[in-house]
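Overview (structure and organization)
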Amino acid sequence: MISLDDLRLIRAVGASPSLAAAAQLLDLTPPAVTVRLQRIEARLGVRLAVRQSRGISLTDEGHRLHQEAIELLDRMEALPARISGDDGGIRGKLRIVAPFGFGRKHVAPIVRDFHRQHRELEISLHLSESPLSDASGADLVVTIGKLKSSSWVAHPIAPNERILCASAAYARRVTGLEHPSDLTRYACLCLRENEEDVTRWRFLPGNGRHADARKAVTIRVPGVLSSNDGTIISDWALAGLGIVERSEWDVAPLIASGRLVRLLPGWSLPPAPVMALLPSRTGVSLRQRAFLEALRAALSPPPWRSVKSA
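Fair warning: this is a prediction, and the values are worked out from it, not measured in the lab.

Here is what the cut-offs are and how they apply
- Per chain, the residues get numbers from 1 upward, laid out in the order the sequence is written.
- Totals for whole chains, interfaces and linings use all residues, but because this is a predicted model, local features are given only for residues with pLDDT of at least 70 and pairs of side-chain atoms are given and counted only at 80 or more.
- Based on all heavy atoms of the structure, the side-chain values leave hydrogens and waters out of the count.
- Basic side-chain nitrogens of Lys or Arg form a salt bridge, by our definition, when they fall within 4 Å of a carboxyl oxygen of Asp or Glu.
- Where helices and strands are cited, they refer to DSSP runs of H or I of at least four residues and of E of at least two residues respectively, numbered from the N terminus.
- Burial status follows relative accessibility: with a 1.4 Å probe on protein chains alone, a residue under 20% of its type maximum counts as buried, one over 50% as exposed, and anything between as partly exposed.
- For this analysis, a polar contact is any N or O atom pair within 3.5 Å, provided that within protein one partner can donate a hydrogen and the other can accept it, and provided that sequence-adjacent residues contribute only side-chain to side-chain pairs.
- Grid points spaced at 1 Å and placed over the protein atoms alone form the basis of the search, with a cavity being a set where a 1.4 Å probe fits but cannot get out and a pocket an open set showing protein on both sides within 12 Å along at least five of seven lines. Lining residues have an atom within 4 Å of a point.
- Grid points are joined across faces, edges and corners, and a volume is the space filled by probe spheres set on the points.
- Here the nonpolar group is Ala, Val, Leu, Ile, Met, Phe, Trp, Tyr, Cys and Pro; Asp, Glu, Lys and Arg are the charged ones; every other residue, Gly included, is treated as polar.
- Each domain's limits were defined by an automated method or a database of domain assignments.
- Here, axes are lines fitted to C-alpha atoms. For helices the fit covers the stretch in contact, and angles between N-to-C directions go from 0 to 180 degrees.
- Roughly parallel means an angle under 35 degrees; roughly antiparallel, over 145; roughly perpendicular, 65 to 115; everything else is oblique.
- Should the near helix be turned anticlockwise from the far one by less than a right angle, the crossing is termed left-handed; should it be turned clockwise, right-handed.
- When checking whether two residues touch, look at their non-hydrogen atoms; a contact exists if any pair is within 4.5 Å.

1. What to know about the pattern of salt bridges
Counting across every chain of the model gives 10 salt bridges. The partner of Arg 64 in a salt bridge is Glu 61, and the shortest N-O contact between them spans 4.0 Å. With Arg 64 and Glu 61 both in helix α4 (residues 60-83) and three residues apart, the pair spans about one turn of that helix. Under the relative-accessibility criterion, Arg 64 is labelled exposed at 54%. A relative accessible area of 33% places Glu 61 in the partly exposed class. With a shortest N-O distance of 2.9 Å, Arg 91 and Glu 120 are connected by a salt bridge. On the criterion of sequence distance, the pair formed by Arg 91 in the loop between α4 and β3 (92-99) and Glu 120 in the loop between α5 (100-117) and β4 (121-128) is long-range, its members being 29 residues apart.

Okay, structure coming up:
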């Protein structure tokens, strides 16, 4: 039988890049998380996660249990607000932090429509290149990609892959690109975030859910140009200056129109799901809950996956 504590553990593991990060979310030690995860797997008779030296990834069964855990815990944690006698009106203040590019294109329209439905709610949308760094005092933070070590509670909103691509003109000059190691011969454009080594790109053989995390390949690419602004990186790629790895939400329309061309389609980059972060598992306000549901509704299905080729 699965307990609420088991569900909380699965939710934390699914929202974290490593068992150590999940342990910090749960205020446990990494060995304790490992033992509890193994017990859940033994109880269910399935493998839920693949452990690696660089992190952890969920199996298909793990993904399914993770989604069920999120939905069940969301409903359980919303019970106090639903039975407290609130008249259903959403009032007060709501401070949202989101990334610049994704915030402009997707979060701002959702905030606009949400405001139209809840006129008595005062909403502040703050856009940042590093949302977690500017999250102090926020009620909800939208991020792209799985959490590293953080005390925030992550709620998956929408899938989002990373895609390797270049302009059509540059792609015509690319020959013999069959393996990630071949990228060392070409100019690469790198997004510099959170002081990471942006010239190290990690690839998995296969595509999407069929990618094999156990056979990952990490390549140090020649980062001839780098910036902390994703829009600039995409503009440089469109100008034919090199190869870029960018989020699906950003480049899907450009690939559909033929302005960018996908490269190495037989390889996958680590996914970067759209996540909503709340500061706590408990005490979630009605306005936080309502906006979380508005995010999910607006991005399901993800609009970047309904883009049609020109």
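2. A look at the environment of Arg 185
Along the chain, Arg 185 turns up in the loop between α6 (168-173) and β8 (188-191). Arg 185 gets classed as partly exposed once you look at its relative accessible area, which sits at 49%. Separated by 36 residues in the primary sequence, Arg 185 and Val 221 place their C-alpha atoms 8.6 Å from one another. Separated by 3.0 Å, the side chain of Arg 185 and the backbone oxygen of Thr 175 make a polar contact.

3. Thoughts on the layout of surface pockets
Within this model, the second largest pocket holds a volume of roughly 180 Å³. Partitioned by chemical class, the residues of the lining of the second largest pocket number four nonpolar, three polar and five charged. Residues from two domains meet in the lining of the second largest pocket; each of domain 2 (89-159 + 273-305) and domain 3 (162-268) gives at least three.

4. Describing empty space enclosed by the protein
Tallied over the full model, the rule gives two cavities of 30 Å³ or more. When its volume is computed, the second largest cavity comes out at roughly 40 Å³. At the level of secondary structure, the elements contributing two or more residues to the lining of the second largest cavity comprise β7 (162-167) and β14 (267-268).

5. Brief notes about the packing of α5 against helix α9 (residues 286-298)
Packing of α5 against α9 brings their axes to within 10 Å, and their N-to-C directions diverge by 125°. In this view, α5 runs oblique relative to α9, as classed from their interaxial angle. Both α5 and α9 take part in a crossing whose hand is right-handed. Residues Ile 110, Val 111 and Phe 114 of α5 lie in contact with α9, whose contacting residues are Arg 287, Ala 290, Phe 291, Ala 294, Leu 295 and Ala 298. Residues belonging to the contact of α5 with α9 are distributed by class as follows: eight nonpolar, no polar and one charged.

Just geometry here; none of it tells us what the structure is for.
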